[in-house]
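# A look at the structure
Each chain, letter by letter, is given below.
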Amino acid sequence: MTRHTIVLVEDELLTLRELETTIDWTQLGLQVVGTASDGISGEALIKSLEPDIVITDIRLPGQDGLSMLAQCPVNHAIILSGHSDFSYMQQAIRLGVFDYLLKPVDNNDLHQSLEKLLNHIKEEEVDVEKLTKGKMIEEGLELPQSVGNYIVDAAIEFIRTSYAKQIGLQETAEYLNISESHLCRLFKEYTQINFLQYISAWRINKAIELMGNPSLSIQAIALNCGFPNPGYFAKIFKKFMGISPSKYRNERNYSNESSMD
Amino acid sequence: MSAFRMKNRILKGTLYYRLMSYFLIVMLIPLLMLTLTNFSAGNRTIGRNLVEQGELAIDRAAIRLKTIIESYRHKAYVISTDETVIAELAANAPEASSSRSKAIYETLFSVMRGDTYLASATVVSSSGQVRYSTHLFPKRYDIRYNQNDFNPFFNLSRTASETASVITTENRYSTETNASVFLNIYRKVRDSTGLEIGYVAVDVFYETLFNINDRLVFSDLILIDTSNYLANSLINSDLHGDFSKFPALKSLHAPFDQRSIVENTTIISLAPIANTSFVIAGITDITPYRQSVEHFFIILVIIVLLGTVIAGFLSYFFTKTIEKPVNTLAKTMRKVESGDLSVHIEESSIAEFAQLDRTFNAMIGQIVNLIKLTREEEEKVREAERKALHSQMNPHFLFNTLNTVKALASLHGEEQILTITTKLGKLLREIIDNRNTEQTLENSLDLVANYLAIQKIRYGDKLTATIDMDKHLAHMNIPRLIIQPLVENAIIHGLEPKIGQWTLHIGAHVVGQQVIISIQDNGIGITDIDIPEHLEDLAYTEHVGIYNIYRRLQLRYGDQAKLTIATQPGEGTTVTIILPIAAEENV
């Protein structure tokens, strides 16, 4: 069974050691692939290992945990912090952080949170599999465009016109004037796909289109498709297409050339 | 609440029935007065008027009839004493010379003077040989063939005075001109020696009576001959005979002097005609008057019924118009009672209620302001407390240190330290760090559980604590830090001074429409102070903690929340908080 990888970032060594040793990672189906004790080395570590999950403190030497997460292609993160400030929590929510636990951390709470996160990841994987099953790499992802529900159709229309901007669930729900949870539920019901997965897949499709233009850099493509940074784009791209954006581009150019022969 | 509804129903009842009775009184009094006037005075007046009218009319009719009879009797007398007539009858010659007969006719027509369409005059000799008439000679007067009883003049011999006329209604017939005879006047004609030589008959026609029933007062006028009890209708010439032919006369009997008889359906007005055996009777039919009275009564009943229904409807609608603003006000007051101060009453369209609504809104506004002021004051105090704590020690340092202790304990396998630090951390977070004013019952009890877990480590087996909550109450919101301070009180004041086993039970259950939270210990009980009947009185004692809890419950739920303390020295104390389950809807 493939284990999900996890990276721990915590500046207090006792706490880091406690986390590493007292949580039964194996039993959860996780593998700690690296630890770091400051924001800079943490960023480097995450970029090189591309773990599935990051657990981090907020106050870190070098740069804080939230800035570190913003720079990295991380999909899932849990924050452990002594601070209960509202502004920290808000930022964490914007970054899509999965959970925010307060110190002193109750290990039971952390355990529960990790289990929930793993379930969530499993659901995501099912969605991705559904979207990529049996597709040739060149075709991009097949997405339902019209499902017969006017709210869902309006949401898809909104994605179609605004995917290049930094829109997410919150912005779409606001635009449609309904609650986020309602939109989420409706969207899943009619398209069988999670809203966030759908918008990511749409952006990947647009990115694949733009890759045909050799004058555009991977970074430019990422920004033009509404991804906040190239790292995140690469991570999502790999999740859906199985290979990194640059590799994909090289292979396609090669096959195009060979077909010209 | 149910008591209020009941009161409301009674109010509705009285208002409705009061209005209804007022309307009915206003409507019925004039009607009743009108009815009384009509039925007592009015009815009698109509009756009296009819009798008087009848008496006047019958007098007039009697005089008129008497005049007619007198005038024709006189004519009969003139004919019977005429020389020419006497001479002709005395001659008793069947073939009269034309000159003599001409003189007789002249006499007859001059006496009748153009009245021949009103009456006929006939002269006949006692042998029947000489016969003259102003009309075709009536066969009944041809005494050659009519002997004795069939002779109309036979009766003349029986009259009291030989010279007087006989007036009778017995010989009715129609002339060749279709004039009906209703009255006959007979006279004997005697010669100078007194010998009976012939008869004179004057037959009076109905035409003489053409205006006898002027103004149509009577439905019938009847001429009654009291000598033989025969009656003749003076209006309908076909109606004559004994009394059985006249329904109105059935119960009529002597004496026939001037009077009025009031019967069920008729008034009979009687007037005797002087110097004759005749009485004239006027019949007034009072059925139309009776019917009009009955109609009046039916209309009255309909008006009363209709009026009652209208009064009912009016009262109902009026009650409704009043009920609406009253109910709105009552409903809003109930909301306020249960702690919801965000109410605002739309002003009623009725000016008096609008004023009430305005006053009520203003009052609520003032209450809200007062509460806001109180809350702000409380907030300021709390903020000051938190700042004081912050200035002494950075809470992050505290929490991070606790985390380090926890990590150490975990690494060294110190389970109890691990538990204490984790629970203490949560407890402190809840007390210091939380800015919400409310939390779920589940969270509140978690906090209590954390607190008890630490105490359990401190006191070991000596302390047995149980927490028991109805599952569906988990998400009910209550003010934060209500239960934990009471639990802490129970341990510090109730259990710690006690030797032996300590038990503590915290329960949260639904009973009817209320949630009952109880904190029960088997400690020493409260002995140092008396618990006042009104917890308000705790405000200025050292037990300000429990007063604060009481105040916060009051602010949140109003009178729907209760806090009671039951204590038995040496046995234990039970603190009970009662909250409304419905208050959740108003949040």
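For the structure itself, look to the data block above.
Residues numbered from 1 in each chain as written. Chains lettered and ligands numbered in written order. Predicted model: local features only at pLDDT ≥ 70, side-chain atom pairs only at ≥ 80, totals over all residues. Heavy atoms only, no water.

## Remarks on the overall build of chain B
The helix and strand tally for chain B stands at 11 helices and 18 strands. Within chain B, buried positions represent 41% of all 587 residues. Here the contacts in chain B between residues at least 6 apart in sequence split such that 62% fall between residues at least 24 apart. (Helix = DSSP H or I, 4+ residues; strand = E, 2+ residues; numbered from the N terminus. Buried < 20%, exposed > 50% of the residue type's maximum accessible area, 1.4 Å probe, protein only. Contact = heavy atoms within 4.5 Å.)

## Points about the overall build of chain A
Helix and strand counts for chain A come out as 13 helices and 5 strands. Each of the 261 residues in chain A was classed as buried or not, and the buried ones make up 48%. The contacts in chain A between residues at least 6 apart in sequence include a share of 62% that link residues at least 24 apart. Split by element, the accessible area of chain A, about 13,000 Å² in all, is 49% carbon and sulfur. (Areas by Shrake-Rupley, 256 points an atom, 1.4 Å probe, with all protein chains shown as cover.)

## Looking at the nonpolar core
Residue and element names in this part refer to chain B. In terms of nonpolar packing, the biggest core is built from 44 residues, with Leu65, Tyr72, Phe182 and Ile280 touching the most fellow members. For this core, the secondary structure elements donating two or more residues are α1 (2–80), α2 (83–91), α3 (98–112), β1 (119–125), β4 (181–190), β5 (196–205), β6 (220–225) and β11 (278–285). Top element by residues in this core is α1. It accounts for 10 residues. Counting residues in each nonpolar core, the second largest holds 42 residues, with Tyr451, Met469, Leu481 and Ala490 among its members. (Core = buried A, V, L, I, M, F, W, Y, C linked by side-chain atoms within 4.5 Å.)

## Considering the sheet that holds strand β7 (residues 230–233) of chain B
Strand pairing within a sheet occurs via backbone hydrogen bonds; the two strands may be parallel or antiparallel. Residues and elements named next belong to chain B. The strand order across the open sheet built from 6 strands is β8-β7-β6-β11-β10-β9, with neighbouring strands paired in antiparallel fashion. Two strands bound the open sheet, and with one partner strand each, they are β8 (240–241) and β9 (259–262). Pairing of β9 with strand β10 (residues 266–272) involves 4 bridges; the strand directions are antiparallel. Looking across to β10, one finds that Ser260 is bridged to Ser269. (Pairing = 2+ DSSP bridges.)

## Side note on the interface of chain A and chain B
Put simply, an interface is often sized by how much accessible area is lost when its parts join up. Counting from both sides, the interface comprises 19 residues of chain A and, opposite them, 17 residues of chain B. Each partner contributes to the roughly 1,600 Å² buried at the junction of chain A and chain B, and carbon and sulfur atoms together form 51% of this total. Considering only the side of chain A, the residues that lose the most area to chain B are Leu14, Glu18 and Pro104 of chain A, jointly responsible for 35% of the buried surface there. Where chain A touches chain B, the interface holds 3 salt bridges. Our enumeration of links across chain A and chain B arrives at 11 residue pairs in polar contact (both at pLDDT 80 or more). Of the residues belonging to the side of chain A that touches chain B, the class tally is 4 nonpolar, 8 polar and 7 charged. (Buried area = accessible area lost by both parts, 1.4 Å probe. Salt bridge = Lys/Arg side-chain N within 4 Å of Asp/Glu carboxyl O. Polar contact = N/O pair within 3.5 Å; in protein donor to acceptor, adjacent residues only side chain to side chain. Nonpolar A, V, L, I, M, F, W, Y, C, P; charged D, E, K, R; others polar.)

## Topic: the sheet that holds strand β13 (residues 463–469) of chain B
All names here are of chain B. Pairing is mixed in the open sheet, where 5 strands are placed in the order β13-β15-β16-β18-β17. The open sheet has two edge strands, β13 and β17 (562–568), and neither has a second partner. This sheet shows a mean twist of 10 degrees between the axes of neighbouring strands, independent of strand direction. Across the sheet, helix α10 (residues 544–557) lies against β17 and β18 (572–580), angled at about 15 degrees from β18, the strand it touches most. (Axes fitted to C-alpha atoms, helices over the stretch in contact; angles between N-to-C directions.)

## Observations concerning helix α8 (residues 169–176) of chain A
All names here are of chain A. Listed in full, the buried residues belonging to α8 are Leu169, Thr172, Ala173 and Leu176. Along the axis of α8, the buried residues cluster in a sector spanning 100 degrees; they form a single face. For α8, the exposed residues set more than 90 degrees away from the buried face come down to Glu174 and Tyr175. Packed against the buried residues of α8 are α7 (150–162), α9 (180–191) and α10 (195–211). (Arc of directions from axis to C-beta.)

## What about a nonpolar patch on the surface?
Taken together, Ile298, Ile302, Leu306, Ile310 and Leu314 of chain B make up a surface patch of nonpolar side chains, about 470 Å² in accessible area. Assignment of secondary structure puts Ile310 of chain B in helix α4 (residues 287–337). (Patch = residues over 30% accessible without salt bridge, like charges linked within 9 Å, V, L, I, M, F, W, Y side chains within 5 Å.)

## What about empty space enclosed by the protein?
Residues and elements named next belong to chain A. If you walk through the whole model with that rule in mind, you get 1 cavity of 30 Å³ or more. Considered as a void within the structure, the largest cavity measures approximately 40 Å³ in volume. Lining the largest cavity we find His120, Glu123, Glu124, Asp127, Lys188 and Asn194. Take the lining of the largest cavity: its biggest share by element is 4 residues, from helix α6 (residues 107–132). (1 Å grid on protein atoms, 1.4 Å probe; cavity = no way out; pocket = protein on both sides within 12 Å on 5 of 7 lines; lining within 4 Å. Points joined across faces, edges and corners; volume = space filled by probe spheres on them.)

## Some thoughts on the layout of surface pockets
Rolled over the atoms, a probe sized like a water molecule indicates the empty space that remains. Residues and elements named next belong to chain A. In this model, the second largest pocket occupies a volume close to 1,400 Å³. Lining of the second largest pocket is provided by 37 residues; of these, Ile93, Arg94, Leu95, Gly96 and Leu196 occupy positions nearest its centre. If you tally residues by element for the lining of the second largest pocket, the top one is α10, at 5 residues. The residue inventory of the lining of the second largest pocket, partitioned by class, reads 18 nonpolar, 13 polar and 6 charged.

## Some points on the pairing of β11 of chain B
Residue and element names in this part refer to chain B. By the criterion of burial, β11 is predominantly enclosed, with 7 of the 8 residues buried. Relative to β11, β6 is paired through 6 bridges, and the arrangement is antiparallel. Considered in β11, the bridge of Ile222 is made with Ala281. In this sheet, β11 lies alongside β10 in antiparallel orientation, the contact comprising 7 bridges.

## A look at unusual backbone geometry
Going from Lys103 of chain A to Pro104 of chain A, the amide bond is cis rather than trans, its omega being -5 degrees. You can see Pro104 of chain A is positioned in the loop between β5 (99–102) and α6.

## A few points about the packing of α2 of chain B against α3 of chain B
Residue and element names in this part refer to chain B. Interhelical geometry of α2 versus α3 gives an angle of 135 degrees and a closest axis separation of 9 Å. Accordingly, the angle class assigned to the pair α2 and α3 is oblique. Relative to α3, the crossing made by α2 is left-handed. Contacts between α2 and α3 pair Thr84, Val85, Glu88 and Ala91 from the former with Arg100, Ala103, Ile104 and Thr107 from the latter. Broken down by class, the residue content of the contact of α2 with α3 amounts to 4 nonpolar, 2 polar and 2 charged. (Parallel < 35°, antiparallel > 145°, perpendicular 65-115°, else oblique. Left-handed = near helix turned anticlockwise from the far one by under 90°.)

## Points about the packing of aromatic side chains
Counted according to the given criterion, the structure contains 16 aromatic pairs over all chains. Ring geometry for Phe182 of chain B against Tyr206 of chain B: centres 5.3 Å apart, planes inclined by 40 degrees, an arrangement best described as tilted. Separated by 24 residues along the polypeptide, Phe182 of chain B in strand β4 and Tyr206 of chain B in the loop between β5 and β6 bring together distant segments of the chain. Exposure class is identical for Phe182 of chain B and Tyr206 of chain B. Each is buried. Their ring planes at 70 degrees and their centres at 5.6 Å tell us that Tyr316 of chain B and Phe317 of chain B sit as a pair that is edge-to-face. A residue is classified by how much of its surface remains accessible, and Tyr316 of chain B, at 40% relative accessible area, is partly exposed. Counting every residue linked through ring pairs, the aromatic cluster contains Phe187, Phe195, Tyr198 and Trp202 of chain A. The ring of Phe137 of chain B carries Arg131 of chain B above its face, with NZ or CZ at 6.0 Å from the centroid. (Phe/Tyr/Trp six-rings, centres within 6.5 Å; stacked < 30°, edge-to-face > 60°. Lys NZ or Arg CZ within 6 Å of the ring centre and 35° of its normal.)

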